[in-house]
Every structure is written in C-alpha cells, then in structure tokens.
Amino acid sequence: MFITSLYNLKGGVGKTASCVNFAHMAARDGYKVLLWDLDPQGAASFYYNAQPKEKVTAKKIIEHTLDLEEAIMATPYEGLDIIPADLSARKLDLLLDDKSSKKQIRNLLKTVADTYDFVFIDCPPGFSSLADNIFFASDAVLMPVIPTTLSIRTYEIVKHYFEEKGDVEKLMCFFTMVDIRKNMHKDVMLQLHKDKRFFEYYIPYLSDVEKMGVHHAPLEAFAPSSYAATCYRALWNEIKEGVLE
Ligand SMILES: Nc1ncnc2c1ncn2[C@@H]1O[C@H](COP(=O)(O)OP(=O)(O)O)[C@@H](O)[C@H]1O
Ligand SMILES: [Mg+2]
C-alpha cells in the first residue's frame, strides 16, 4: 500500500482538485484506491457526492471507538472508495497534540493495507499535529504550487520543515493554475525546476478543472478528452513513475 497526501501550507492551490483526479486516475489504472478526506471543509467529499454515514466521525476513528473500515464508502467509480470528511476533523489537532504519537494515522491505515494499493489523503492547509501525523503516514507528500513569487517563499518554508524532520525525500511538487503567458509564472517555474523536486508536467489554469464542482465528478469521468484531463493524466503518469520507481 502506497500512501500519498496532497498538501500545501496555503489554501486554494489545487490540493483537492488534484487529489480527486489522481485518486480516480489510479483507480482507472486498475489499482484499489482509498481517498481519505481529512479536510473538514470536505471539498473532496463534495466532488464525489459523499456524505459520512450516520455516527461516523474522524474523531471516533482516531479515538479507536470506530474501526476505520466502518467509515469507508464506495464511490460510483470502480476500485475507488472514500472516507468522507465530517466536521469533527476540525478538532483532530487537539486529539493529535504534540505529546501524542505521530504514528496514529499510519497505524490506522495499516488495518486496510491488504485492501488498497493507493491511499490519497486530502489535507487541510497549515502546519499542525494533524499535518505531522499525515506526513509521517505518507510515503510521498505531493505539493501543488502556483508559480508566483510568494509561492517560492512558501515552498522554502515547507521544504525547510521537511528537512528538519529528515523527511525531505518525501516532498514532491508540481505546478498548478499555470498561466504560461505570464512571465512571472515562467520565471518562477524555471527557478524552482532547478531544485529537482518538481515534476516536469504541470496543470494550466483551465476552466474545466473548476467545472468539476458543477459535475461533481473527476475530469476523466465528465470530460475525458479535454485538455485538462490530458494534463492531469500526463502529470499523474509522471508522478506514478516517480513514486513507484
Ligand atoms: N488548474 C486549475 N485551473 C482553474 N481552476 C482551478 C485549477 N485547480 C483548482 N482550481 C479551482 O481553484 C479553487 C481551489 O482549488 P482547490 O483544489 O479546492 O484548492 P485547495 O484544495 O488547495 O484549497 C477551486 O475552485 C478549484 O475549482
Ligand atoms: Mg482542499
């Protein structure tokens, strides 16, 4: 089982859009996939029209009063299951405070290691005990970056954080919402690509990505031949090769 999380210190950078598409693409590739929506805003759950079953909360899973397996739901897509978000995820930080183990999420996911090939975790933004738990659990932390000057700073902060933990090899990045006509985007991409932590393929700013919210579906489900789906597919193939090598 390979655990990957979509993370950035910043919000609104394409974490959820990417998580929703990568999970669906991996399932279409024939893998057994679980998407765990750990952002209390529940945007990934929204895209999959998934609401948690009654009395199922992330809090109970973390407290071991409910088995992780009981929270898992099927999606309309073969091979893709989801644990939808619920508002209790707001308070997970208190349950996973600095004194408690960093291993809790990893240990919980071990219980489904025989069932799934890939787990995708959609993260809320920011540094937190929840984020630390997710980082520890993850084999790869995928960070979408919009190529602006300010993003360079955010990227450096996150990279430094991983370096201090001795975990920087886990951090892998890609560009999203790229407007290649903007010199600033081009310059930032050139600069950051030197770091070798960024994938070559990137996601342009495309309205079809926004339309995922209208269709409640991933790109390859409602617009399989669109340019947006092609870009996400190329990036996913590159990531897959990178992480499974
Ligand atoms: N490549 C893209 N092109 C255009 N809009 C995008 C793109 N990626 C994401 N968006 C839109 O930007 C907003 C934020 O994206 P989202 O994936 O929810 O970010 P995050 O999870 O990092 O907060 C959403 O409305 C989404 O539809
Ligand atoms: Mg999100």
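Everything here concerns the structure above.
Model, not experiment: these values are computed from the prediction. (Residues numbered from 1 in each chain as written. Chains lettered and ligands numbered in written order. Predicted model: local features only at pLDDT ≥ 70, side-chain atom pairs only at ≥ 80, totals over all residues. Heavy atoms only, no water.)

What is the right way to read the overall build of the chain from this model?
Secondary structure assignment for the chain yields 13 helices and seven strands. Scaling as 2.2 N^0.38, a compact globule of 245 residues should have a C-alpha radius of gyration of about 18 Å, and the chain matches this with 17 Å. Expressed along its principal axes, the backbone C-alpha trace of the chain runs to roughly 55 × 40 × 30 Å. Of all 245 residues assigned to the chain, the portion counted as buried reaches 55%. Counting contacts in the chain only where the partners sit at least 6 residues apart, residues at least 24 apart contribute 78% of the total. Looking at the chain as shown, the accessible area adds up to about 11,300 Å², and 51% of this sits on carbon and sulfur atoms. (Helix = DSSP H or I, 4+ residues; strand = E, 2+ residues; numbered from the N terminus. Rg over C-alpha atoms; globule rule 2.2 N^0.38 Å. Buried < 20%, exposed > 50% of the residue type's maximum accessible area, 1.4 Å probe, protein only. Contact = heavy atoms within 4.5 Å. Areas by Shrake-Rupley, 256 points an atom, 1.4 Å probe, with all protein chains shown as cover.)

Sorry if this is basic, but what is going on with the packing of helix α1 (residues 15-28) against helix α13 (residues 227-244) here?
Packing of α1 against α13 leaves a shortest axis separation of 10 Å and a crossing angle of 70 degrees. For the element pair α1 / α13, the angle class is roughly perpendicular. Taking contact as the criterion, the partners of A17, S18, N21, F22, M25, A26 and R28 in α1 are, on α13, A229, Y232, R233, L235, W236 and I239. (Axes fitted to C-alpha atoms, helices over the stretch in contact; angles between N-to-C directions. Parallel < 35°, antiparallel > 145°, perpendicular 65-115°, else oblique.)

These figures capture arrangement, not role.
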